[in-house]
Amino acid sequence: MTNRTFTMIKPDATEKGYTGGILKMINDAGFRIVAMKMTQLSTEKAGQFYEVHKERPFYGELVSFMSRGPITAAILEKENAVEDFRKLIGATNPAQAEAGTIRKLYAASIGENAVHGSDSDENAAIEGDFFFSRLEQF
Ligand code: CMP
């Protein structure tokens, strides 16, 4: 499944009421939403999702942050989706994010950075399947 990426609007952005604004930026940038749900990760599920970062010093903080409140998970479709979406969200650290990016506008810090975006086609498929069954992917 090419030309698809996966995103989460994280608990910090949900708490601040940024979900609608972020979805509008995603739509305006030409991404089509082909799956979407609002849900809350358990600490176990958040740990599983971010397992690749298990050895990092911020892993515990990341798992507790990502499970503290609701998130919106979505699969997005567009030509060159993974790369274009990473451009739209900006650098992981909002202090380094370019003007006009989602993180520049909505992220508070490197940890609480408002949105997630997959870093490869392979991970986009794995992450989309983590949240959505085949029947939920349009
Ligand atoms: P994300 O793109 O979802 O992928 C991994 C996440 O780990 C990242 O966004 C941040 O939320 C978090 N993260 C990355 N680096 C740090 C850091 N130095 N300190 C705390 N959290 C981090």
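Just above, that's the structure.
Anyway, here's the lowdown on the structure attached to this text.

### A word on the sheet that holds strand β1 (residues 4-9)
Ordered by their spatial adjacency, 4 strands build an open sheet running β2-β3-β1-β4, and the pairing between neighbours is antiparallel. Both edges of this open sheet fall to β2 (32-39) and β4 (115-117), since each of them pairs with a single strand only. Recorded for the sheet is a direction-independent mean angle of 15° between the axes of neighbouring strands. One ladder, built from 3 bridges, connects β1 with β4; its direction is antiparallel. Each residue of the ladder has a partner; that of Met 8, found in β4, is His 116.

### A few points about the site of the ligand
With respect to spatial proximity, the complete set of residues near the ligand consists of Lys 10, Tyr 50, His 53, Phe 58, Glu 61, Leu 62, Arg 103, Ile 110, Gly 111, Asn 113 and His 116. Residue Tyr 50 places a side-chain N or O atom 2.7 Å away from an oxygen atom belonging to the ligand. Between the ligand and Asn 113, the relevant distance is 3.1 Å, taken from an oxygen atom to a side-chain nitrogen or oxygen of the residue. Bound to the protein, the ligand loses 81% of the 460 Å² it would expose on its own. A breakdown of the residues in the shell around the ligand according to their chemical character gives 4 nonpolar, 4 polar and 3 charged.

### Here we look at the pairing of strand β3 (residues 71-77)
Counting buried positions over the 7 residues of β3 gives 6, a clear majority of the element. One ladder, built from 6 bridges, connects β1 with β3; its direction is antiparallel. Bridging across to β3, Arg 4 finds its partner in Glu 77. Pairing of β2 with β3, which is carried by 7 bridges, proceeds in the antiparallel orientation. Its bridge partner being in β3, Thr 39 is matched across the sheet by Ile 71.

Scoring rules and cut-offs
Residues numbered from 1 in each chain as written. Predicted model: local features only at pLDDT ≥ 70, side-chain atom pairs only at ≥ 80, totals over all residues. Heavy atoms only, no water. Pairing = 2+ DSSP bridges. Helix = DSSP H or I, 4+ residues; strand = E, 2+ residues; numbered from the N terminus. Axes fitted to C-alpha atoms, helices over the stretch in contact; angles between N-to-C directions. Near = heavy atom within 4 Å. Polar contact = N/O pair within 3.5 Å; in protein donor to acceptor, adjacent residues only side chain to side chain. Areas by Shrake-Rupley, 256 points an atom, 1.4 Å probe, with all protein chains shown as cover. Nonpolar A, V, L, I, M, F, W, Y, C, P; charged D, E, K, R; others polar. Buried < 20%, exposed > 50% of the residue type's maximum accessible area, 1.4 Å probe, protein only.

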